[in-house]
Amino acid sequence: MGHWTYLVLEVIWAVPIIVMQWLLGLDLMIRRWKVWLPGILIPSLYLSFADSFAINGHTWTINPDFSLNIFLPLGVPLEELIFFVLTNTLVVQGLILLAMPGVRARVRRLLRVVRYGPTAIASATDTQETPAVVPIDGQSQGQAAP
C-alpha cells in the first residue's frame with residue numbers, strides 16, 4: 001500500500017463501526033450535531049496539538065514510507081489528525097447512542113434482520129417491543145396516578 005498504508009488501515013479500522021452507528025441512529029446524530037461536532041473537533045485539535053510535542057520531541061515517529069507525508073502546522077501528519085477525528089467520532093457517537101431512549105429496540109431490530117433477513121421486520125409486531133420510555137411513576141400512559 002506504500003504511502004497510503006497508515007490512512008487505509010485507519011479507514012478499515014474505524015469506518016465499519018461508524019457506519020454501524022449510523023445505521024442505528026443517523027437521525028439522532030443529525031438532530032444532535034451541536035453536541036457531536038464540538039465533541040469530536042475540540043478533542044481532536046487538542047490531541048493533535050499534544051501529538052506535535054511528542055513527534056517534534058522524537059518520543060515517537062511516523063514512518064514516512066507508510067505516510068502521505070502531508071503535514072499540518074506544528075509538524076503533525078495528516079493521518080494523525082484523521083486518527084483522532086475517527087477515534088473521537090467512535091466515542092462521541094457511541095455515547096450519544098447509549099444515552100438515547102429507543103436505541104436498544106433499534107439494536108434488536110437490526111439483529112433480527114441480520115439473523116433472519118429483511119422479512120423478520122415485517123413479521124415482528126411492535127407490541128412485542130418494550131417501550132422506549134417508561135414513565136417515572138410506573139403508570140402507563142392514560143392511567144391516572146392514585
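Quick notes on the rules
- Residue indices begin from 1 for each chain and proceed along its sequence in written order.
- Whole-chain, interface and lining totals are the exception, using all residues; otherwise, since this is a predicted model, local features are given only for residues with pLDDT of at least 70 and side-chain atom pairs are given and counted only at 80 or more.
- Based on all heavy atoms of the structure, the side-chain values leave hydrogens and waters out of the count.
- Take the buried residues of types Ala, Val, Leu, Ile, Met, Phe, Trp, Tyr and Cys, join any two whose side-chain atoms come within 4.5 Å, and each joined set is a nonpolar core.
- Relative accessible area decides the class of each residue, using a 1.4 Å probe on protein chains only: under 20% of the type maximum gives buried, over 50% gives exposed, and in between gives partly exposed.
- Comment: elements are numbered from the N terminus, with helices defined as DSSP H or I runs of at least four residues and strands as E runs of at least two.
- The criterion used for residue contact is that any of the two residues' heavy atoms lie within 4.5 Å.
- We define a salt bridge as a side-chain nitrogen of Lys or Arg found within 4 Å of a carboxyl oxygen belonging to Asp or Glu.
- Residue count minus one, scaled by 1.5 Å, sets the expected span of a helix.
- Think of it this way: a Phe, Tyr or Trp ring, Trp meaning its six-membered ring, pairs with another when their centres are within 6.5 Å, and the plane angle makes it stacked under 30 degrees, edge-to-face over 60, tilted otherwise.

Asker: Tell me about the nonpolar core, and please be specific about residues and values.
Answerer: Core analysis: the largest hydrophobic core is formed by 8 residues, namely Leu28, Met29, Ile40, Val92, Ile96, Leu97, Met100 and Val103. Among the secondary structure elements, those contributing two or more residues to this core are helix 1 (5-31) and helix 3 (78-99). Sort the elements by how many residues they give to this core and helix 3 lands first, with 3 residues. Isoleucine 40 has contacts with Val85, Asn88, Thr89 and Val92, leaving out every residue within four places of it along the chain.

Asker: Any details on the pattern of salt bridges? Residues and values, ideally.
Answerer: Within the structure shown, the criterion is met by 2 salt bridges. Note that arginine 31 and aspartate 27 form a salt bridge whose closest N and O atoms lie 3.9 Å from each other. With a gap of 4 residues between them, arginine 31 and aspartate 27 both fall in helix 1, about one helical turn apart. One salt bridge in this structure joins aspartate 27 and arginine 106, with 2.8 Å as the shortest N-O distance. Placement of aspartate 27 in helix 1 and of arginine 106 in helix 4 (residues 103-116) is noted, with a sequence separation of 79 residues between them. Given the relative accessible area of 34%, aspartate 27 is considered partly exposed.

Asker: Lay out helix 2 (residues 33-56) with the relevant residues and their values.
Answerer: Over its 24 residues, helix 2 runs 34 Å from end to end, which matches the ideal 34 Å to within 8%, given 1.5 Å per residue. Buried within helix 2 we find Ile40, Ser44, Ser48, Asp51, Ser52, Ala54 and Ile55. Looking at the buried side of helix 2, the elements it contacts are helix 3. Phi turns positive one or two residues past the end of helix 2, at histidine 58, with a value near 60°.

Asker: Describe in detail the packing of aromatic side chains, supporting the description with residues and values.
Answerer: Evaluation of the coordinates by the stated rule reveals 3 aromatic pairs. Look at tryptophan 13 and phenylalanine 83: their rings are 5.6 Å apart centre to centre, the planes differ by 25°, and that puts the pair in the stacked class. Of the two residues, tryptophan 13 is situated in helix 1 and phenylalanine 83 in helix 3; the sequence distance between them amounts to 70 residues. When its relative accessible area of 43% is taken as the criterion, tryptophan 13 is described as partly exposed. Classification of phenylalanine 83 by relative accessible area gives partly exposed; the value is 29%. Where phenylalanine 49 meets phenylalanine 53, the ring centres are 5.1 Å apart and the plane angle is 90°; that geometry is what we call edge-to-face. One end of the pair, phenylalanine 49, and the other, phenylalanine 53, are both in helix 2, 4 residues apart, so they sit about a helical turn from each other. Following the ring pairs from residue to residue traces out a cluster consisting of Trp13, Phe83 and Phe84.

Geometry only, nothing functional implied.
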